[in-house]
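Given next are the chains, with one letter for each unit.
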Amino acid sequence: MPKRVVHIQAPTGGLYKRRGFQSQPPFTTPNCDNVRIDDSIDGRERIGSRPGVKILSSGTPPTGTGAVKLLSSVRWGAAGSEAETLVLAIASVFSYSTNNGSTWSATSTGLRLSPSDINQYTAADYHKKLYIANGTATFAEYDPSDNTLTQAPEVAEDGGEVPGDCEIIVRYRDRILLAGDRTNPQVWHMSRSGNALDWNTDATDVLSAVSGTTSDAGSIGEAIRCAIPHGDDCIIFGCDSSIWTLRSDPNFGGTLDNLSQRIGIIDKHAWARTPEGWLFFLTQDGIYAMQPGCGDVPISVSRERLPEELIAVDRTTTVVSMDYDIRFRGIHLWLTPESGTATHYFLDVKQLLTGDSGTTATFWPQTLTSNPGFQPYSAYTYEPLVGANISSSLMGGRNGVLYVFDKSENAIDEPSYVEIGPLSTTGQTGQYFTGTLDILHAVLSDQSNTVTWKVRSGETPEAAFDATTEYEGKWDNVRNNHTVRIRLRNPYYIIRIENLDSSNYNRWSVESLTAVVNPRGKQRFRR
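Residues numbered from 1 in each chain as written. Predicted model: local features only at pLDDT ≥ 70, side-chain atom pairs only at ≥ 80, totals over all residues. Heavy atoms only, no water.

Participant: Honestly, the sheet that holds strand β10 (residues 122–126) in this entry has me stumped. Any pointers?
Facilitator: Paired through their backbone hydrogen bonds, the strands of a sheet run either parallel or antiparallel. The four strands lie next to each other as β10-β11-β12-β13, forming an open sheet whose pairing is antiparallel. Two strands bound the open sheet, and with one partner strand each, they are β10 and β13 (148–151). Adjacent strand axes in the sheet meet at a mean angle of 25° when their direction is disregarded. Of the strand pairs in this sheet, strand β11 (residues 129–133) and strand β12 (residues 140–143) are connected by three bridges, and their pairing is antiparallel. Paired with L130 across the strands is Y142, a residue of β12. (Pairing = 2+ DSSP bridges. Helix = DSSP H or I, 4+ residues; strand = E, 2+ residues; numbered from the N terminus. Axes fitted to C-alpha atoms, helices over the stretch in contact; angles between N-to-C directions.)

Participant: Sorry, what's going on with the sheet that holds strand β23 (residues 279–283) here?
Facilitator: One open sheet accounts for four strands, arranged β22-β23-β24-β25; its pairing is antiparallel. On the outer flanks of this sheet lie β22 (271–273) and β25 (299–300), each paired with one strand and no other.

Participant: Please clarify how the state of the cysteines should be interpreted in this entry.
Facilitator: What the rule picks out here adds up to one disulfide. With a sulfur-sulfur separation of 1.6 Å, C234 is cross-linked through a disulfide to C294. Judged by the torsion about the S-S bond (-75°), the C234/C294 disulfide is left-handed. With C234 in strand β19 (residues 234–239) and C294 in the loop between β24 (286–290) and β25, this residue pair connects regions lying 60 residues apart in the sequence. Neither C234 nor C294 differs from the other in exposure class; each is buried. (Disulfide = S-S within 2.5 Å. Buried < 20%, exposed > 50% of the residue type's maximum accessible area, 1.4 Å probe, protein only.)

Participant: For this particular structure, what's the right way to read the pattern of salt bridges?
Facilitator: Any two side chains of opposite charge can pair, so long as their charged atoms come close to each other. Scanning all chains against the criterion turns up 22 salt bridges. A salt bridge links D249 to R173; the nearest nitrogen and oxygen atoms lie 3.8 Å apart. Of this pair, D249 sits in the loop between β20 (243–247) and β21 (255–260) while R173 is found in the loop between β14 (168–172) and β15 (175–179), placing the two residues 76 residues apart along the sequence. The partner of D285 in a salt bridge is R303, with the nearest N and O atoms 2.6 Å apart. Within this pair, whereas D285 is found in the loop between β23 and β24, its partner R303 is found in the loop between β25 and β26 (318–325), the two being separated by 18 residues in sequence. (Salt bridge = Lys/Arg side-chain N within 4 Å of Asp/Glu carboxyl O.)

Participant: Can you help me understand the side chain of S392 in this one?
Facilitator: Relative to the helices and strands, S392 resides in the loop between β30 (376–381) and β31 (393–397). In this structure, S392 is in contact with Y324, D325, I326, R327, Y380, T381, Y382 and V386, ignoring residues within four places of it in sequence. (Contact = heavy atoms within 4.5 Å.)

Participant: Would you mind showing me how to read the pairing of strand β8 (residues 93–97) here?
Facilitator: Looking along a regular strand, one sees the side chains alternate between the two faces of the sheet. By the criterion of burial, β8 is predominantly enclosed, with four of the five residues buried. Direction of pairing for strand β7 (residues 83–90) relative to β8: antiparallel, over a ladder of five bridges. Bridge pairing in β8 links L86 to S97. The hairpin formed by β7 and β8 contains two residues between the paired strands, and A91 there has a positive phi angle of roughly 55°. Of the strand pairs in this sheet, β8 and strand β9 (residues 105–106) are connected by two bridges, and their pairing is antiparallel. Each residue of the ladder has a partner; that of Y96, found in β9, is S105.

Participant: Looking at this structure, I do not really get the packing of aromatic side chains. What am I missing?
Facilitator: Two descriptors summarise a pair of aromatic rings, namely the distance from one centre to the other and the angle between the planes of the rings. A full pass over the atoms with the stated rule returns eleven aromatic pairs. Residues F374 and Y403 carry aromatic rings whose centres are separated by 3.7 Å and whose planes lie at 25° to one another, so their mutual orientation is stacked. Placement of F374 in the loop between β29 (362–367) and β30 and of Y403 in strand β32 (residues 402–406) is noted, with a sequence separation of 29 residues between them. Here F374 matches Y403 in class, with each residue buried. (Phe/Tyr/Trp six-rings, centres within 6.5 Å; stacked < 30°, edge-to-face > 60°.)

Keep in mind that these numbers describe shape and distance, not what the molecule does.
This is the structure in structure tokens:
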């Protein structure tokens, strides 16, 4: 049988573990870490290492120790001269920066110390101030015009009682919404329209304060874990095992409708929205998505590709954050344990691929093991950071330091690899034939650093996946036209490309990969 030239395509479909090894879909990988389909050198769709990570500022903001529990920002100032202040909270210390995180100052008064089991705070940008909830008696108000931080009174001037012990605060329809208090976690509260400190629900006008216990829309029969505003059209409430949407204003014909009685959203920052309005969120059944709008049924995304990886995440032991990365057009999913390291994910959503369930994303694992203290505890999409190389995804570490992705960083500081296959030495799969892998030909991108290649094989696709390395070597871009002659005989093989040189975890990308295989005849079966 004549030899065959096989042009091996980059695994644009990301990590895939749903089907059997012999049915591995084309353009997917059975195993990878710290790689992206859009390389970090030129942004071309050719497999390569993810962008490097660097510290945003010189280190921990003043007097702050511990994990970053809040990242947010607030726009303020007169029209035409507006400014944006970036803020963060570490325990009870509240700090601010007016120059995109280059330098920090702490407010003279801090936040009330939250209960020890509150791992993340929430904030709402409202009328040129920032309102913060962290599970203490009442929310706090930050005024960026004079950098003061004050706690809301328990009883407002109008006589209304300010809801206390709430973990969730958002802005919706010119109101402040609070939810997630420990006594009545199923109840939501809204301030008077236009006034964050008016909580008098006895008033009868349509702009007055309102709650789930006073509104005709009603409360939810399950603890609220997150609240997601969708413009002024609706707000979505995520519970452990249900999702609800409150449409319009509760004082003006608003209705509370159920979207799912089985799927919930596990925590207050376990969601992210794309510019097109797609909502992605983490449930006990993995990642789900909702189309733009406020009434669509949630669609399963992750289990169609990763059947085991993202299910049954325990929010009491894992800090979950999601944010949309404007520069690299994807969603970061951070799953940070209280100690140690974990596998996180980048969801490539720039092309909403059509899959078994209609709409999905591709998944790319990313680990951060070189610095165990840097495990993202908070994440925030901060648009002023976006540049030619800098990501908009701002990450607050468990060590109290801020980080960003930077594609100009030559060192990514982490091992990265991708496996391609299982591939057939006959050029076809599912046949009773075997053959040999004779030649591998590779071209790296011009600015790629050296990579290590490895090949292993087996009598079945799964045996090839489980096998040990049989051939390996290095490719560099000095003589960037590499031809390697191999004599590997088995029906199936897997190619692994990596930068696993502990002294040189540098960025890399592969322009093309070609194999020459030689079908040899029928496969021998053992009796």
